[in-house]
Amino acid sequence: MTHDHRPFGRLLTAMVSPFRADGSLDVEGAARLATYLVDEQANDALVINGTTGESPTTSDGEKEQLIRAVVEAVGDRAKVVAGVGTNDTRHTIELAASAEKAGAHGLLVVTPYYNKPPQAGLVKHFTAVADESGLPILVYDIPHRTGTAIATETLARLAEHPRIVGVKDAKGDLTATSWVTKRTDLAIYSGDDAMTLPLLAVGGVGLVGTSTHLSGTRAKQMIDAYESGAIDIALDLHHQLLPIFTGVFRCPGTTLVKAAMNLRGLPAGPVRPPLIDATDAEIAQLREDSAAAGLPL
């Protein structure tokens, strides 16, 4: 099955979900933040309702509200990819239908977590979602969070489905990714900011980032430089951005990204329990990491 080489562009950000001070959903803030990410941080697409968007603690209704708000704000100039993955195939299909109805352009479907299905179960899960939806799907492979890696053979089987078009790859295994790019035409997006350049070297096409709330423009320049053959420029940008690529994950990425957005006067607000907001010490370290990357807060 032949897929679009880069179905969602080069750069996507997994957007945080803004909340008000009382913890309620800030729909207007989501539209404003999405506009900033597309118009000022060079994103080709946004992932809404991913883990960075605190999907474990938002209701199905809130998820639909977020998708509608972001589609209305930026859907004419960027693609909106809805995170719909759960560890229940039926619920994932329901969320996929809701996202499609709300105007999403694609779906991000994470490996079912905690219940650790076998590889045959993963094939059934992802295929069932793809069969029921009309939207293109990115499979999200992040075994250190889900407890289950998606095997190369499984990805090769999934690539045969016309609507399974790519992978958000946070596996941290360049050899396995190399086999996927050799055996399939799936679009491989880095799911780990600091692994973007290495993944490009083995056939990746872009990044679904977290630190890109801050570093999007320069991360996009890094990808563009690599693709144009300016490897030295790409490597220099990679080195420049390493402090924020890695620093934003000193504690849960959502926590530090929200702290950064709040410092910049952009909509973010608090996190929802069981996450907790960044401490003064964590914010001081975030400022240090951002400044080291040339992105002072």
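Residues numbered from 1 in each chain as written. Predicted model: local features only at pLDDT ≥ 70, side-chain atom pairs only at ≥ 80, totals over all residues. Heavy atoms only, no water.

**Focus: the UniProt feature "site: Part of a proton relay during catalysis" (unreviewed entry) in the protein chain**
Phase 1: Annotation from UniProt places "site: Part of a proton relay during catalysis" (unreviewed entry) at Thr51 and Tyr114. Lining the largest pocket, from the set of annotated residues above, are Thr51.
Phase 2: Examined against the element boundaries, threonine 51 turns out to sit in the loop between strand S2 (45-48) and helix H2 (60-74).
Phase 3: Filtering out sequence-adjacent residues up to four positions away, threonine 51 remains in contact with Arg145 and Thr254.
Phase 4: One can find tyrosine 114 in the loop between strand S4 (106-110) and helix H4 (119-132).
Phase 5: Sequence-distant contacts of tyrosine 114, defined by excluding residues within four places in its chain, comprise Asn87 and Thr146. (UniProt positions renumbered as here; feature names shortened; annotations may be inferred. 1 Å grid on protein atoms, 1.4 Å probe; cavity = no way out; pocket = protein on both sides within 12 Å on 5 of 7 lines; lining within 4 Å. Helix = DSSP H or I, 4+ residues; strand = E, 2+ residues; numbered from the N terminus. Contact = heavy atoms within 4.5 Å.)

**Details of H2**
Think of an α-helix as turning once every 3.6 residues; residues three or four places apart then point the same way.
Phase 1: Taking 1.5 Å of rise per residue, 15 residues should cover 21 Å, and H2 covers 21 Å from first to last C-alpha, within 8% of that figure.
Phase 2: Taken together, the buried positions of H2 are Glu62, Lys63, Leu66, Ile67, Ala69, Val70, Val71, Ala73 and Val74.
Phase 3: Where H2 is buried, its residues meet helix H1 (27-39), S2, strand S3 (79-83) and helix H3 (89-101). (Expected span 1.5 Å × (residues − 1). Buried < 20%, exposed > 50% of the residue type's maximum accessible area, 1.4 Å probe, protein only.)

**Considering the packing of H3 against H4**
Phase 1: At their nearest, the axes of H3 and H4 sit 9 Å apart, and the two run at 30 degrees to each other. Taken together, the axis directions place H3 and H4 in an arrangement best described as roughly parallel. Crossing hand, H3 versus H4: right-handed. Contacts between H3 and H4 involve Thr89, Thr92, Ile93 and Ala96 from the first element and His125, Ala128, Val129 and Glu132 from the second.
Phase 2: Looking at the contact of H3 with H4, its residues break down into four nonpolar, three polar and one charged. (Axes fitted to C-alpha atoms, helices over the stretch in contact; angles between N-to-C directions. Parallel < 35°, antiparallel > 145°, perpendicular 65-115°, else oblique. Left-handed = near helix turned anticlockwise from the far one by under 90°. Nonpolar A, V, L, I, M, F, W, Y, C, P; charged D, E, K, R; others polar.)

**Structural notes on the layout of surface pockets**
A probe as big as a water molecule, rolled over the atoms, marks out the empty space that is left.
Phase 1: In this structure, the largest pocket occupies an estimated 900 Å³ of space.
Phase 2: In this structure, the largest pocket is lined by 42 residues; those nearest its centre are Gly50, Thr51, Thr52, Pro56 and Arg145.
Phase 3: Here the residues of the lining of the largest pocket are counted per class, giving 16 nonpolar, 18 polar and eight charged. (Points joined across faces, edges and corners; volume = space filled by probe spheres on them.)

**Some points on the nonpolar core**
Phase 1: With 75 residues, the main nonpolar core has Met15, Leu46, Leu107 and Met261 as its most contacted residues.
Phase 2: Once residues within four sequence positions are removed from consideration, methionine 261 is found in contact with Leu33, Tyr36, His213, Leu214, Leu266, Pro267 and Ala268.
Phase 3: Counting residues in each nonpolar core, the second largest holds 17 residues, with Val81, Ile142, Val165 and Val205 among its members. (Core = buried A, V, L, I, M, F, W, Y, C linked by side-chain atoms within 4.5 Å.)

**Considerations on the side chain of threonine 58**
Phase 1: Turning to its location among the elements, threonine 58 is positioned in the loop between S2 and H2.
Phase 2: For threonine 58, a relative accessible area of 7% puts it in the buried group.
Phase 3: Not counting the four nearest positions on each side in its chain, threonine 58 is found in contact with Phe19, Gly53, Lys63 and Arg272.

**Considering the pairing of strand S6 (residues 164-169)**
Looking along a regular strand, one sees the side chains alternate between the two faces of the sheet.
Phase 1: With six of six residues buried, S6 lies mostly within the body of the structure.
Phase 2: Strand direction decides the pairing type here: S6 and strand S7 (residues 187-190), joined by four bridges, are parallel. Residue pairing in the sheet places glycine 166 in a bridge with alanine 187 of S7.
Phase 3: For the crossover from S6 across helix H7 (residues 174-183) to S7, the handedness is right-handed. (Pairing = 2+ DSSP bridges. Right-handed = clockwise from strand over helix to strand, strands pointing away.)

**Notes on the packing of aromatic side chains**
Phase 1: Per the stated rule, a full pass over the model turns up zero aromatic pairs.
Phase 2: Seen from the ring of phenylalanine 19, arginine 272 lies directly overhead, with NZ or CZ sitting 4.1 Å from the centre. (Phe/Tyr/Trp six-rings, centres within 6.5 Å; stacked < 30°, edge-to-face > 60°. Lys NZ or Arg CZ within 6 Å of the ring centre and 35° of its normal.)

**A short note on the packing of helix H10 (residues 231-247) against helix H12 (residues 280-292)**
Phase 1: Between H10 and H12, the shortest axis-to-axis distance is 7 Å and the interhelical angle comes to 155 degrees. Considering the angle they form, H10 stands roughly antiparallel to H12. Contacts from Gln240, Pro243, Ile244 and Gly247 of H10 reach H12 at Leu286, Asp289, Ser290 and Ala292.

**Here we look at the sheet that holds S6**
Phase 1: Overall, parallel pairing links the eight strands, which are arranged S1-S2-S3-S4-S5-S6-S7-S8 in a closed barrel. Neighbouring strand axes in the sheet, compared pairwise and without regard to direction, differ in orientation by 25 degrees on average.
Phase 2: Here strand S1 (residues 11-14) runs beside S2; their pairing, made up of three bridges, is parallel. Within the sheet, the bridge partner assigned to threonine 13 lies in S2 and is leucine 46.

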